[in-house]
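# Architecture and fold: a report
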Amino acid sequence: YKTMAEPKKDSPQQVEKSEVWTDEEFEAFIDTELTKDPLHKDYPELFKRAPKIISLWRQRYEGNAPLWKRLFNKERVLKEFIEAAPFIDA
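Residues numbered from 1 in each chain as written. Predicted model: local features only at pLDDT ≥ 70, side-chain atom pairs only at ≥ 80, totals over all residues. Heavy atoms only, no water.

### So, the packing of aromatic side chains
- Enumeration over the complete set of coordinates arrives at seven aromatic pairs.
- When the centroid spacing of 5.0 Å and the interplanar angle of 70° are considered together, the rings of F47 and F81 count as edge-to-face. Of this pair, F47 sits in helix 3 (residues 44-60) while F81 is found in helix 5 (residues 74-89), placing the two residues 34 residues apart along the sequence.
- Look at F47 and you get buried, because its relative accessible area is 3%.
- You can call F81 buried: its relative accessible area is 13%.
- Measuring from centroid to centroid gives 6.5 Å for Y61 and W68, while their planes differ by 25°, and the two rings are stacked. Assigned by exposure class, Y61 and W68 land together as buried.
- Three or more aromatic residues joined by ring pairs make a cluster, and in this case those are F26, W57, Y61, W68 and F72.
- Directly above the ring of F26 sits R58, whose terminal nitrogen or CZ lies 4.6 Å from the centroid. (Phe/Tyr/Trp six-rings, centres within 6.5 Å; stacked < 30°, edge-to-face > 60°. Helix = DSSP H or I, 4+ residues; strand = E, 2+ residues; numbered from the N terminus. Buried < 20%, exposed > 50% of the residue type's maximum accessible area, 1.4 Å probe, protein only. Lys NZ or Arg CZ within 6 Å of the ring centre and 35° of its normal.)

### Here we look at the packing of helix 2 (residues 23-34) against helix 3
- Interaxial distance between helix 2 and helix 3 falls to 9 Å at its minimum, and their mutual angle equals 135°. By the criterion of interaxial angle, the relationship of helix 2 to helix 3 is oblique. As for how helix 2 packs across helix 3, the hand of that crossing is right-handed. The residues of helix 3 that touch helix 2, namely those facing D23, F26, E27, I30, D31 and L34, are F47, A50, P51, K52, I54, S55, R58 and Q59.
- The class makeup of the residues in the contact of helix 2 with helix 3 is seven nonpolar, two polar and five charged. (Axes fitted to C-alpha atoms, helices over the stretch in contact; angles between N-to-C directions. Parallel < 35°, antiparallel > 145°, perpendicular 65-115°, else oblique. Left-handed = near helix turned anticlockwise from the far one by under 90°. Contact = heavy atoms within 4.5 Å. Nonpolar A, V, L, I, M, F, W, Y, C, P; charged D, E, K, R; others polar.)

In structure tokens form, the structure reads like this:
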């Protein structure tokens, strides 16, 4: 993805329009959000891999922005990942 306009990195609305972010910007944002959760200290390797995994999921829908917007809700995706982390790690 190429950035067409400089997004506000802390804007929740911009995350929903994440197609304007480069993959690196998107991954950095996801990493920042995940490290806010205390569970990241218990599963550091898993939390380190998550931004890339979520970015790969995003890349899969690169040509279908409406579908990506329907699938990706930052709060929901991060919540589900955090809740599943102990099971994924087991």
